[in-house]
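# A closer look at the structure
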Amino acid sequence: MALSCGIVGLPNVGKSTIFNALTRSAQALAANYPFATIEPNIGEVAVPDERLAVLAEICDSERIVHATIRFVDIAGLVRGASRGEGLGNAFLSHIRETDAVAAVVRCFEDPNVSHVEGSPDPLRDIEIIDIEMALADLETMGRRRERLARETRANPKLAPTLEAAERLCAALEAGKPARSFPAESLERAFARESFLLTAKPVLYVANVDEAQIREPGPLARLVFAHAEEEGSRAIALCGKIEAELAGLSEEEAADFRAELGIERAGLDRLIVSGYDLLGLMTFLTAGEKESRAWTIEKGTKAPQAAGKIHSDIERGFIRAEIVSYDDYARLRSMDALRSAGLLRSEGKDYAMQEGDVVNFRFNV
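Given the structure is predicted, the values throughout are model-derived calculations rather than measurements.

It is worth spelling out the overall build of the chain at this point. The helix and strand tally for the chain stands at 14 helices and 12 strands. Taken against the 2.2 N^0.38 rule, which gives 21 Å for 364 residues, the C-alpha radius of gyration of the chain at 23 Å falls within 12% of a compact globule. Across the 364 residues that make up the chain, the buried fraction comes to 49%. A sequence separation of at least 24 residues applies to 68% of the contacts in the chain between residues at least 6 apart. Each charge class in the chain was averaged separately, 43 positive and 58 negative side chains, and the resulting centres sit 6 Å apart.

Written as structure tokens, this is what we have:
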């Protein structure tokens, strides 16, 4: 199953509007009342990649195939969700099934759009999300810690893991998410094994109004400062405008963006940020049949990348013939790249790099 990014937040912050714009659909009910979304909506979204059009032109490809990312629109969360308030239990179970979190917070005033907490306050909303997920994690950890304590009495070698679990619980009780521990720590490993909600990487999405498209206002700036302090990431976009852009043709959308004075759609930034948040990267193949982007996790070795195309290629892997996209776009032919010494032959231990243009050699 493809890795997924859950779109979360309080009710009426624009989650479903953004999801519908992302997927160019109306499958998520966007309404001015809490809990318009009950069951999660799921959509596969193409990852924008301008390199594919260039490769297709060079190779006269018949078609272009983009990489994709899965977004999940999840029911709104309210105070007390960890105790079952609102649709809390459903929210927590649905977010547990995703691999990363895009937390949407409202950063604009509008008397015609109600807010479940009375008024927009993105830091308060983030705190509510964090507290409810931490409380759910503490409940999970309580059960895991008790079981681990019993196992440690029988097997003292498990003591370091129990100590890590204790530190993890202490952090959660102090309001710190599991992701605040170093990536390679015992605490993070235990958090991943326990499917903790606060272990998931987070992208904060500040949903602004039309007046803040080019210059985010004070509420959005608070979100960026919070993300920087936490070591997370944040973007700002206007869900209303993005929904309008999604309903236009590419040419019309380009004219509308120019009129608004924005170079790149906010949704494109959201998709690319979500892709990166999931630890994903892209390698490219190009030929007469198609120019294509293939999704792999960062650090993937060449044979395993070949397996994304076909398992036979991984089994019979001999070598990977690789050029960088920038060199290919500049010289525009394999003969020229070969003459310039820019075509590399890489073996089984080669870790793929973002934008590698690859031809895999293999035994049938």
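Structure's up, so let's keep going.
A separate point is the side chain of Glu 290. Summarising the element assignment, Glu 290 is placed in strand 9 (residues 290-297). Once residues within four sequence positions are removed from consideration, Glu 290 is found in contact with Ser 61, Arg 63, Val 65 and Thr 285.

Turning to the environment of Asp 137, a few remarks are in order. Mapping Asp 137 onto the fold places it in helix 4 (residues 122-154). In this structure Asp 137 comes out as buried when scored by relative accessible area, which is 0%. Residues Asp 137 and Leu 222, 85 residues apart in the sequence, show an inter-C-alpha distance of 26 Å. Beyond its immediate chain neighbours, meaning those up to four positions away, Asp 137 contacts Arg 96, Leu 172, Leu 196, Leu 197 and Thr 198.

Right, let's talk about the pattern of salt bridges for a bit. Enumeration according to the criterion identifies 20 salt bridges in this entry. Of the charged contacts in the structure, one is a salt bridge between Glu 290 and Arg 292, with a shortest N-O distance of 3.5 Å. A residue is classified by how much of its surface remains accessible, and Glu 290, at 13% relative accessible area, is buried. Here Asp 312 makes a salt bridge to Arg 315, at a shortest N to O gap of 2.2 Å. Residue Asp 312 and its partner Arg 315 are both found in helix 12 (residues 311-315); the two are separated by 3 residues, about one turn of the helix. You can call Asp 312 partly exposed: its relative accessible area is 38%. Three or more residues are tied together by salt bridges with common partners; here these are Asp 49, Arg 51 and Glu 354.

Attention shifts here to the packing of helix 1 (residues 15-23) against helix 8 (residues 239-246). One way to put it is that helix 1 packs onto helix 8 with a least axis distance of 8 Å and a crossing angle of 25°. Between helix 1 and helix 8, the interaxial angle falls into the category roughly parallel. For the crossing formed where helix 1 meets helix 8, the hand is left-handed. Mapping the contact onto sequence places Thr 17, Ile 18 and Ala 21 in helix 1 and Gly 239, Lys 240, Glu 242, Ala 243 and Ala 246 in helix 8. Partitioning the contact of helix 1 with helix 8 into residue classes produces 4 nonpolar, 2 polar and 2 charged.

Right, let's get into helix 1. Here helix 1 lies mainly inside the structure; 8 of its 9 residues are buried. When helix 1 is considered as a whole, its buried residues turn out to be Lys 15, Ser 16, Ile 18, Phe 19, Asn 20, Ala 21, Leu 22 and Thr 23. Residue Arg 24 follows helix 1 closely and has a positive phi angle near 50°.

Of all 7 residues making up strand 5 (residues 100-106), 7 are buried, and the element is well covered by its neighbours. Of the two faces of strand 5, both are covered, the one formed by Ala 100, Ala 102, Val 104 and Arg 106 as well as the one formed by Val 101, Ala 103 and Val 105. Relative to strand 6 (residues 202-207), strand 5 runs parallel, the two being bridged by 6 bridges. Residue pairing across strands places Ala 102 opposite Leu 203, the latter belonging to strand 6.

With respect to topology, 6 strands assemble into an open sheet ordered 2-4-1-5-6-7, the strand pairing being mixed. Both outer strands of the open sheet, strand 2 (41-46) and strand 7 (233-237), are each paired with one neighbouring strand and no more. Going from strand to strand, the sheet's axes swing by 25° on average, the running direction of each strand aside. Along the sheet, helix 1 makes contact with strand 1 (4-8), strand 2, strand 4 (68-73), strand 5, strand 6 and strand 7, crossing strand 2 at roughly 45°.

Moving on: the environment of Ala 164. Considering the arrangement of structural elements, one finds Ala 164 in helix 5 (residues 159-173). Since its relative accessible area comes to 1%, Ala 164 is described here as buried. Once the C-alpha coordinates of Ala 164 and Gly 299 are considered, the two residues, 135 residues apart in sequence, prove to be 26 Å apart. Ignoring anything within four residues of it in the chain, the contact list for Ala 164 reads Leu 186 and Glu 187.

Time to look at helix 7 (residues 218-230). Under the 1.5 Å per step criterion, the end-to-end length of helix 7 is 18 Å for 13 residues, consistent within 8% with the ideal 18 Å. Contacts made by the buried residues of helix 7 are with strand 5, helix 4, strand 6 and strand 7. Looking one or two places after helix 7, you find Gly 231, whose phi comes out positive at around 80°.

This part is about the environment of Phe 362. As for its position among the elements, Phe 362 is in strand 12 (residues 356-362). For Phe 362, a relative accessible area of 34% puts it in the partly exposed group. Sequence spacing of Phe 362 and Ser 93 is 269 residues, and the spatial spacing of their C-alpha atoms is 43 Å. For Phe 362, the residues in contact, after removing those within four places along its chain, are Asp 312, Ile 313, Gly 316, Phe 317 and Ile 318.

Analysis parameters
Residues numbered from 1 in each chain as written. Predicted model: local features only at pLDDT ≥ 70, side-chain atom pairs only at ≥ 80, totals over all residues. Heavy atoms only, no water. Helix = DSSP H or I, 4+ residues; strand = E, 2+ residues; numbered from the N terminus. Rg over C-alpha atoms; globule rule 2.2 N^0.38 Å. Buried < 20%, exposed > 50% of the residue type's maximum accessible area, 1.4 Å probe, protein only. Contact = heavy atoms within 4.5 Å. Lys, Arg positive; Asp, Glu negative; His and termini not counted. Charge placed at Lys NZ, Arg CZ, Asp CG, Glu CD. Salt bridge = Lys/Arg side-chain N within 4 Å of Asp/Glu carboxyl O. Axes fitted to C-alpha atoms, helices over the stretch in contact; angles between N-to-C directions. Parallel < 35°, antiparallel > 145°, perpendicular 65-115°, else oblique. Left-handed = near helix turned anticlockwise from the far one by under 90°. Nonpolar A, V, L, I, M, F, W, Y, C, P; charged D, E, K, R; others polar. Pairing = 2+ DSSP bridges. Expected span 1.5 Å × (residues − 1).

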